[in-house]
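An overview of the molecular structure
Chain residues, written in single-letter form:
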Amino acid sequence: MTTPFTNPAPVAQAPAAPGPPGPALTCRFCGSFPAIKATLHGHQGFIVFMRLLTQHGPFCRSCGIAVCRDMTANTLWQGWWGFLSMIITPVVLLGNLITRVRLGRLGEPVPGAPGTPAAPGRPVFKRAAALGLVAPVVIASVVAWGISTDPSYAEVGECVSAQGTGTDPDVSVVDCGDPAADYIVVGKVEDGTDDARCEQFPGTVASYTEQRDSRQLLLCLGENG
């Protein structure tokens, strides 16, 4: 007599670790999901030269926010130093802000491989680098002050201080109530430096000429007060 065949009792198996459903994106840094495709940027200005930094995703929420905060913080104090950099840096910061909003909409990352999600780090505005926001204000103030005192931008009715010598004058625009306000601009000619043309402006007692490349300037000056 043969022994009847019996099926062995099924062995319980541990549930598999959760993974991304189907072909969903995973973070390129830690392998977690959910993740999104995104690109973060940083900018460094070196007066004449500049450097654009890039980090490509996909990012999970934690890794993406960590990279975003680091690149944004560095840009805040490294990105303003150059004329073109003053234009590029706000664009970079705005792009990172948009990506930061997208990252914040992701759910908590589910760890995968090869690592664990990065710690996001301190918010940008709680870092010393946030003081970099003062840089454009200071730079703009210096530029505005330079323009406001430059005789090239003086208009009729404004006053100037004249120091130095006749061959090496130091002329700057000042308030007409300033004790250093020696003269008032009574006439302005922007296509020549022949001071004889000041004869058409009554009250002229002195003149100031300036030539920069092809640009010529003649200021006809009268006594202030």
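In the block above lies the structure referred to throughout.
Each chain has its residues counted from 1, following the order in which its sequence is written. In keeping with the model being predicted, local features are shown solely for residues with a pLDDT of at least 70 and side-chain atom pairs are shown and tallied solely at 80 or more, while totals for entire chains, interfaces and linings include all residues. The side-chain figures draw on all heavy atoms in the structure; neither hydrogens nor water molecules are used.

We count a salt bridge whenever a side-chain nitrogen from Lys or Arg sits within 4 Å of a carboxyl oxygen from Asp or Glu. Taken as a whole, this structure holds five salt bridges when the rule is applied. In this structure, Asp 70 and Arg 127 form a salt bridge, with 2.9 Å as the shortest nitrogen-oxygen distance. Here the residue Asp 70 occupies a position in helix α1 (residues 61-78), and Arg 127 occupies one in the loop between α2 (83-104) and α3 (134-149), the gap between them amounting to 57 residues. Taking the relative accessible area as the measure of exposure, Asp 70 reaches 39% and is therefore partly exposed. Secondary structure follows DSSP: runs of H or I at least 4 residues long count as helices, runs of E at least 2 residues long count as strands, and numbering of each begins at the N terminus. To sort residues, take the accessible area from a 1.4 Å probe on protein chains only and compare it with the maximum for the residue type: under 20% means buried, over 50% means exposed, and anything in between is partly exposed.

This part is about the pairing of strand β7 (residues 215-223). A pair of strands is considered paired only if DSSP assigns at least 2 bridges between the two. In this structure, strand β5 (residues 183-189) lies alongside β7, joined through six bridges in antiparallel fashion. Each bridged residue has a counterpart across the sheet, and for Gly 187 the counterpart in β7 is Cys 220. Taken together, the eight bridges between strand β6 (residues 204-212) and β7 define a ladder with antiparallel strand orientation. Considered in β7, the bridge of Ala 206 is made with Leu 221. Between β6 and the antiparallel strand that follows it, β7, lie two residues; Asp 213 among them carries a positive phi value of about 55°.

Once that is clear, we can look at the sheet that holds strand β3 (residues 159-164). The antiparallel open sheet is built from five strands, whose spatial order is β4-β3-β5-β7-β6. Since the sheet does not close on itself, it has two edges, and those belong to β4 (169-174) and β6, each with one partner. Sheet twist, expressed as the average angle between the axes of neighbouring strands with direction ignored, equals 40°. Each axis is a line fitted through C-alpha atoms, taken for helices only over the stretch in contact, and angles between the N-to-C directions span 0 to 180 degrees.

Let us now look at α3. A helix's residues, less one, multiplied by 1.5 Å, set its expected span. The terminal C-alpha atoms of α3, which comprises 16 residues, lie 23 Å apart, in line with the 22 Å expected from a rise of 1.5 Å per residue. Among the residues making up α3, those that are buried are Ala 135, Pro 136 and Thr 149. If you follow the buried residues of α3, they end up packed against α2 and β4. Whether two residues touch is decided by their heavy atoms; if any such pair falls within 4.5 Å, the residues are in contact.

This part takes up the state of the cysteines. Pairs of cysteine sulfur atoms within 2.5 Å are identified as disulfides in what follows. Enumeration according to the criterion identifies two disulfides in this entry. The disulfide bridge from Cys 198 ends at Cys 220, spanning 1.9 Å between sulfur atoms. The chirality of the disulfide connecting Cys 198 with Cys 220 is left-handed, given an S-S dihedral of about -85°. One end of the pair, Cys 198, is in the loop between β5 and β6; the other, Cys 220, is in strand β7, with 22 residues separating them in the sequence. If the cysteines joined by disulfides in the protein are listed in sequence order, their pairing comes out as 1-2, 3-4. Counting only cysteine sulfurs, Cys 63 is the nearest neighbor of Cys 60, a cysteine outside any disulfide, at a range of 3.7 Å. The buried category is assigned to Cys 60, whose relative accessible area is 0%.

Next up on the list: the environment of Leu 217. Structurally, the position occupied by Leu 217 is in strand β7. Leu 217 gets classed as buried once you look at its relative accessible area, which sits at 0%. Other than its neighbours up to four places away in sequence, Leu 217 contacts Pro 151, Ser 152, Lys 188, Val 189, Glu 190, Gly 192, Thr 193, Tyr 208, Thr 209 and Glu 210.

Let's shift gears to a nonpolar patch on the surface. Grouping into patches uses exposed residues only, defined as over 30% relative accessible area, and leaves out salt-bridged ones; the cut-off is 9 Å for like charges and 5 Å for nonpolar side chains (Val, Leu, Ile, Met, Phe, Trp, Tyr). For every accessible area listed, the method is Shrake-Rupley and the probe measures 1.4 Å; residues are considered covered only by the protein chains on display. There is a patch of nonpolar side chains on the surface, built from Phe 46, Ile 47, Val 48, Phe 49 and Trp 81 and spanning about 610 Å² of accessible area. In this fold, Trp 81 is placed in the loop between α1 and α2. A residue is classified by how much of its surface remains accessible, and Trp 81, at 36% relative accessible area, is partly exposed.

Nonpolar side chains in soluble globular proteins generally cluster together in the buried interior. What makes a nonpolar core is a set of buried Ala, Val, Leu, Ile, Met, Phe, Trp, Tyr and Cys residues whose side-chain atoms join them at distances within 4.5 Å. Counting 10 residues, the largest nonpolar core consists of Ile 36, Ala 38, Leu 40, Phe 59, Ile 65, Val 67, Cys 68, Met 71, Leu 103 and Leu 106. Top element by residues in this core is α1. It accounts for four residues. Aside from chain neighbours lying at most four places away, what touches Val 67 is Phe 29, Leu 40, Gln 55 and Phe 59. Core analysis: the next-biggest nonpolar cluster, separate from the first, contains nine residues, Ala 154, Val 160, Leu 217 and Leu 219 among them.

Turning to its location among the elements, Thr 99 is positioned in helix α2. Residues in contact with Thr 99, not counting those within four places in the same chain, are Ala 38, Thr 39 and Leu 40.

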